[in-house]
Amino acid sequence: MGHEGPYLQLRPLGGGREWDADPARLRPLGPTELLSARVAEANARSRTGLVLGDIRGSPHTDRAEYDT
């Protein structure tokens, strides 16, 4: 997120093109919206083929069992 003149420049969580937003019309995410965004992000990561050991903080797994 950045700013250009009086506007904030926002970008979708999954990446993409920025857009200008009026700061007076923005508000923090509510708990339900935040949870939804985090679940969408986790689902997107799961589609990239990561295995459990690739996720930071996860226990190490033997990748050979997933390379079939």
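Residues numbered from 1 in each chain as written. Predicted model: local features only at pLDDT ≥ 70, side-chain atom pairs only at ≥ 80, totals over all residues. Heavy atoms only, no water.

*Asks:* I keep staring at the overall build of the protein chain and nothing clicks. Help me out?
*Replies:* Along the protein chain, the regular secondary structure elements total one helix and three strands. The helix and strand sequence of the protein chain, counted from the amino end, reads β-β-β-α. Looking at the 68 residues of the protein chain, the share that counts as buried comes to 10%. Counting only contacts in the protein chain whose residues sit at least 6 apart along the sequence, the fraction spanning at least 24 positions is 3%. Surface exposure of the protein chain reaches about 6,100 Å², of which carbon and sulfur atoms provide 54%. (Helix = DSSP H or I, 4+ residues; strand = E, 2+ residues; numbered from the N terminus. Buried < 20%, exposed > 50% of the residue type's maximum accessible area, 1.4 Å probe, protein only. Contact = heavy atoms within 4.5 Å. Areas by Shrake-Rupley, 256 points an atom, 1.4 Å probe, with all protein chains shown as cover.)

*Asks:* Hey, could you run me through the confidence of the model for the protein chain in this one?
*Replies:* If pLDDT is low for a region, its predicted coordinates should not be looked at in detail. Chain-level pLDDT for the protein chain is 76 on average; 62% of the residues reach the 70-or-more range. The weakest mean pLDDT in the protein chain belongs to strand β1 (residues 2-4) at 59; the strongest belongs to strand β3 (residues 19-21) at 92. (pLDDT = per-residue confidence, 0-100.)

*Asks:* How do you make sense of the pattern of salt bridges when you look at a structure like this?
*Replies:* A side chain of one charge can pair with a side chain of the opposite charge when the charged atoms of the two come close. Taken as a whole, this structure holds three salt bridges when the rule is applied. Where E18 meets R11, a salt bridge forms, and the shortest distance between an N and an O atom there is 2.9 Å. The salt bridge partner of E41 is R45, with a shortest N-O separation of 4.0 Å. Taken together, the residues span about one helical turn, with E41 and R45 both in helix α1 (residues 31-46) at a distance of four residues. (Salt bridge = Lys/Arg side-chain N within 4 Å of Asp/Glu carboxyl O.)

*Asks:* Looking at this structure, I do not really get the environment of P23. What am I missing?
*Replies:* The topology assignment puts P23 in the loop between β3 and α1. Classification of P23 as partly exposed rests on a relative accessible area of 37%. In this structure, the C-alpha to C-alpha distance between P23 and P6, residues 17 residues apart in sequence, is 7.8 Å.

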